[in-house]
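A structural walkthrough
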Amino acid sequence: MNAEAMISGKNIIKKYTNFTLDVGEIVIPKGFATALIGENGAGKTTLLNILAGIRLDYTGEITYFGEYNDKDRENKPEVKERMGYTGTENYFLPHWTVEQIDQLSHMLFKNYDHDKFMKIYDELAISSSGRYDGNKKVSELSDGTKTKLALAQVLARDTDILIMDEPASPLDPLMRDKLCEMIGQYINSKEGRTVFFSTHNISDMENVTDYAIIVEHGKIVESGFVDDLKEKYILVKGEPADAEKAKEILYSQTTGKYGFEGICLASDLDKLAGMDITTEQASLFQISVAIMKKNSHIKQVSI
Amino acid sequence: MMKCIKAYRAYSSKMFRVLINLLTIGFAILWALLGFAIDITPFLMIPCIYIMTMMIFDFFLFGGLLNKHGRISEYFKSSTAGKSVLTQAVKGDILLHAVRMFFLLIVWPIALEFIVIPEVDPMPLGPGFIVFVASVYCAALASLTGIEIIGRIIGKTFQMYILIMYVLMIPVSILTMIPSLTFVFAGTFIVPVLTVLVIVYAALAIALYYASVAITKRSYDQKLTDTY
């Protein structure tokens, strides 16, 4: 499946002392929800921040909406006006009140709608009392409520793309479900609207994810539409006797008393010929974990 | 102009604004009482104390503009207008300082001279000197805010800002005090008084600097472990 790019980037490099983000090519398809997946320290936040224009200390080329480059992003207000961003901690300063955030958003963003903010504030039950509390300070809010406030602020703007760093992590299961619903509503509310988010909660976010990008050690190790990935990778289950032999073919393998299971490339299935195996469609979670395991520095823990 | 002040007020912490203004009033009363006790009109000291207190206020204002990692909040960076609104906040700060300077260093002494206490000479070194000191102060403040804006853009850390602020502002603030000190102490004790002031300010600067370094370092360590 090919799709028009909402954001695309080439040769994006950001060097830290002991870590380098090196992205040869990245495409965020227009009109879809894209999940950025990777283990801690893989470079997800750095990549998101670079694409959102939060970090400027990198090299590479980035194209927005098919017509603007990263210099335009800084100089032409219409580019960032079309982009919504929510970060993790310290996105809002702790001494700000809810009312100040509403006022500041008015000053910072032309397309900010106060009434819409109030509506979403109410719908997400940001105030525990059920009433609007404009004097409530950010520092007095729980992590989940801070995320809800950031979501209310960003969704109150008329944007074409939402870039969200770990929006699901601080949220409870109910709110994660609501987040998926909101992402779906956002995408369907206007043609071409796109969402790009990083997540560790792959299972919770799977039903809303159309496209996935997996990063490991600063590099993209896999990307594609979820349906295509589910055709490319397959879940294999087999007998304990074949576990050792299958290990060489599988991306990851878990072995128990009753057999083994693991993920392998569908194109490698013929290499398992002669073994007593069954195959199933893998979930995005299983595929992602298998790919991450293959590339991870995490070793087998002996307990 | 209103936009600048609005931005400035929005970004500064209300609690510190109230606190610092209360402190200022407290200092002013204290100096007035001290002045009466030693039978010297102390009113000229008030502007100096006010200015120094406002410097401390600036410390909190700019501290409030940055997040705990010493960087500007991502919220500002997510908008193209963020940088210009921040600049407006800084302009608002300069503007309010300029207004304060005008009243405290020009209107206030003139009022003392002609209206309040006609027998007191509030400008022992002449109005020209006071205007000069005010200009130096404003110029230094403007440079500092310039440094601050550049610092934000290139991502300098909070402690660097504090260091620059104190290194530049200590001599300027002492310079600002000279006319009043000369008046109050009639030049006799000017050297020991200035020496004590330098030591107190240096100690304060070092203490604040190291405190901010410690806080920022701890925050950075935490950040390095959980994000990339």
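Residues numbered from 1 in each chain as written. Chains lettered and ligands numbered in written order. Predicted model: local features only at pLDDT ≥ 70, side-chain atom pairs only at ≥ 80, totals over all residues.

**Observations concerning unusual backbone geometry**
Residue and element names in this part refer to chain A. With a phi angle near 55°, F65 is a residue other than glycine that sits in the positive phi range. Following the sequence through the fold, F65 ends up in the loop between strand 4 (59-64) and strand 5 (68-69). Judged by local crowding, F65 falls into the partly exposed class, with 19 C-beta atoms found within 10 Å. Here A125, not a glycine, exhibits a phi torsion of approximately 50°, which is positive. (Helix = DSSP H or I, 4+ residues; strand = E, 2+ residues; numbered from the N terminus. Buried ≥ 20, exposed ≤ 12 C-beta atoms within 10 Å, placed from the backbone.)

**Points about the sheet that holds strand 5 of chain A**
Residues and elements named next belong to chain A. Across the sheet, which stays open at both edges, the four strands sit in the order 2-1-4-5 with antiparallel pairing between neighbours. Two strands close off the open sheet at either side, each with one partner strand: strand 2 (20-29) and strand 5. Looking at chain direction, strand 4 and strand 5 are connected through two bridges and run antiparallel. When the bridges of strand 5 are listed, Y64 appears paired with Y68. Across the face of the sheet, helix 1 (residues 44-52) comes into contact with strand 1 (5-15), strand 2 and strand 4 while running at roughly 120° to strand 1. (Pairing = 2+ DSSP bridges. Contact = placed C-beta atoms within 7 Å. Axes fitted to C-alpha atoms, helices over the stretch in contact; angles between N-to-C directions.)

**With respect to the nonpolar core**
Residue and element names in this part refer to chain A. In this structure, L36, A152 and I163 are the most contacted members of the largest nonpolar core, which totals 88 residues. Three or more residues apiece are contributed to this core by two domains, here domain 1 (5-225) and domain 2 (229-295). For L36, the residues in contact, after removing those within four places along its chain, are K44, L47, L48, F196, F197, S198, I213 and V215. (Core = buried A, V, L, I, M, F, W, Y, C linked by C-beta atoms within 7 Å. Domains from an automatic or database assignment.)

**Overview of the domain arrangement of chain A**
Residues and elements named next belong to chain A. Domain boundaries in chain A define domain 1 (5-225) and domain 2 (229-295). Just the C-alpha atoms count here: the centres of domain 1 and domain 2 sit 34 Å apart. Broken down by secondary-structure element, the contributors of at least two residues to the side of domain 1 that touches domain 2 are helix 8 (202-205), strand 9 (211-216) and strand 10 (219-225). Broken down by element, the side of domain 1 that touches domain 2 gets its largest block of residues, four residues, from strand 10. Considering only residue class, the side of domain 1 that touches domain 2 consists of six nonpolar, five polar and four charged. (Nonpolar A, V, L, I, M, F, W, Y, C, P; charged D, E, K, R; others polar.)

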